[in-house]
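A structural walkthrough
One letter stands for each residue in the lines below.
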Amino acid sequence: MQIRPFRPGDEPALFAVFHSAVHGLASTNYTPEQIQAWAPQDLDRNIWGKRMQDIQPFVVEASDEIAAYADVQPSGYIDHFFVAAAYARRGVGSMLMAHIHIVAREQDIPALTSDVSRTAQPFFEKFDFVIVEQRLPVIRGVPIPNALMRKELTPLPSIERASPGKPGITSHVKR
Ligand SMILES: CC(C)(COP(=O)(O)OP(=O)(O)OC[C@H]1O[C@@H](n2cnc3c(N)ncnc32)[C@H](O)[C@@H]1OP(=O)(O)O)[C@@H](O)C(=O)NCCC(=O)NCCS
């Protein structure tokens, strides 16, 4: 598996990952009505595509398909974090989260935050995020509880930063 940046054309595969994660994994913690409202199969693909282009996620590629994706915004906000059901509990999410930490530290982002589903809260806790606030967003008319979680980041020691002309920490990521 390898992590690479988003590429135009990834949008349909990312929708498949999102749909699989919500219907195949988050369905343990939410009702069928909540799952349907969160990830409807007929979600407008133009709106979806624009969203992916806006958030520019990192993508985990398995041999011939995308297994997971997640983003980190310049503010430190993680907007999407989804692993396809077939790849769950195999360390894919951990690999992606480790990558996001490296990118955030390289960009001097002081803290990571996310609105985290009930399903993902134990995973985020494992990475030392703490719950700041319980939330109840309404998506397509249905309340879907989650929690704002946050993690303060320690800055990178200067020796680990890339010098001019030298490859950065994320240079292993194939573009
Ligand atoms: C949460 C999610 C991203 C985790 O991805 P993953 O690839 O399965 O995570 P990993 O295999 O790296 O798990 C690492 C550890 O996190 C914890 N963890 C992961 N999923 C868990 C779950 N469903 N319940 C409890 N702990 C969990 C475990 O401690 C796990 O270690 P273990 O497998 O050795 O016990 C994935 O389950 C997912 O996409 N969920 C549905 C969508 C979702 O809610 N996304 C987040 C929106 S904010």
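When you go through the protein chain residue by residue, the secondary structure sums to five helices and ten strands. For the protein chain, the residues scored as buried account for 25% of the 175 residues in total. Intrachain contacts of the protein chain at a sequence separation of at least 6 include 65% that bridge at least 24 residues.

With that out of the way, let us pick up the sheet that holds strand β3 (residues 66-70). Taken in spatial order, the four strands of this open sheet run β1-β2-β3-β5, and their pairing is antiparallel. Strands with a single pairing partner mark the edges of an open sheet, and in this sheet they are β1 (2-5) and β5 (81-83). Averaged over neighbouring strand pairs, the angle between their axes works out to 20° when direction is ignored. Bridge count between β1 and strand β2 (residues 58-61): four bridges; the pairing is antiparallel.

Around the ligand sit 22 residues in total, of which G93, S94, S117, A120 and P122 are the nearest. Where the shell around the ligand is concerned, the elements lending two or more residues are α1 (11-24), β5, α4 (92-106), β6 (111-117) and α5 (121-126). Tallied by class, the residues present in the shell around the ligand amount to 13 nonpolar, six polar and three charged.

So, on to the nonpolar core. Note that soluble globular proteins tend to have their nonpolar side chains buried in a common cluster. In this structure, V17, A21, A68, Y69 and F82 are the most contacted members of the largest nonpolar core, which totals 35 residues. Those elements giving two or more residues to this core turn out to be α1, α2 (32-38), β2, β3, β5, α4 and β6. With five residues, α1 is the largest single contributor of residues to this core. Apart from the residues within four sequence positions on either side, V17 is in contact with I66, A68, Y69, F82 and A84.

This brings us to the sheet that holds strand β4 (residues 77-78). One open sheet holds the four strands; their spatial order is β4-β6-β10-β7, and the pairing between them is mixed. Strands with a single pairing partner mark the edges of an open sheet, and in this sheet they are β4 and β7 (130-135). Here β7 pairs with strand β10 (residues 146-152) via five bridges, running antiparallel. Opposite R135, over in β10, you have N146 as the bridge partner.

As a packed pair, α1 and helix α3 (residues 45-55) sit with axes 10 Å apart at the nearest point and diverge in direction by 95°. On the basis of their axis angle, the class for α1 and α3 is roughly perpendicular. Residues E11, L14 and F15 of α1 lie in contact with α3, whose contacting residues are W48, G49 and M52. The residue inventory of the contact of α1 with α3, partitioned by class, reads four nonpolar, one polar and one charged.

Relative to the elements of secondary structure, D10 occurs in the loop between β1 and α1. With 39 residues separating them in the primary sequence, D10 and G49 have C-alpha atoms 8.7 Å apart. Residues within four places of D10 in sequence aside, it is in contact with M52, V59 and I66.

Right, let's talk about the confidence of the model for the protein chain for a bit. Taken over all residues, the pLDDT of the protein chain has a mean of 92, while the share at 70 or more is 89%. Contacts of residues 165-175 to residues separated by more than four positions or lying in other chains number 17 contacts, the stretch itself having pLDDT below 50.

At D108, a residue that is not glycine, the phi angle is positive and equals roughly 55°. Summarising the element assignment, D108 is placed in the loop between α4 and β6. Taking the number of C-beta atoms within 10 Å as the measure of exposure, D108 has 10 and is therefore exposed. Here D128, not a glycine, exhibits a phi torsion of approximately 70°, which is positive. With respect to the helices and strands, the residue D128 is situated in the loop between α5 and β7. With 10 C-beta atoms counted inside 10 Å, the residue D128 sits in the exposed group.

What counts as what
Residues numbered from 1 in each chain as written. Predicted model: local features only at pLDDT ≥ 70, side-chain atom pairs only at ≥ 80, totals over all residues. Helix = DSSP H or I, 4+ residues; strand = E, 2+ residues; numbered from the N terminus. Buried ≥ 20, exposed ≤ 12 C-beta atoms within 10 Å, placed from the backbone. Contact = placed C-beta atoms within 7 Å. Pairing = 2+ DSSP bridges. Axes fitted to C-alpha atoms, helices over the stretch in contact; angles between N-to-C directions. Near = placed C-beta within 6 Å. Nonpolar A, V, L, I, M, F, W, Y, C, P; charged D, E, K, R; others polar. Core = buried A, V, L, I, M, F, W, Y, C linked by C-beta atoms within 7 Å. Parallel < 35°, antiparallel > 145°, perpendicular 65-115°, else oblique. pLDDT = per-residue confidence, 0-100.

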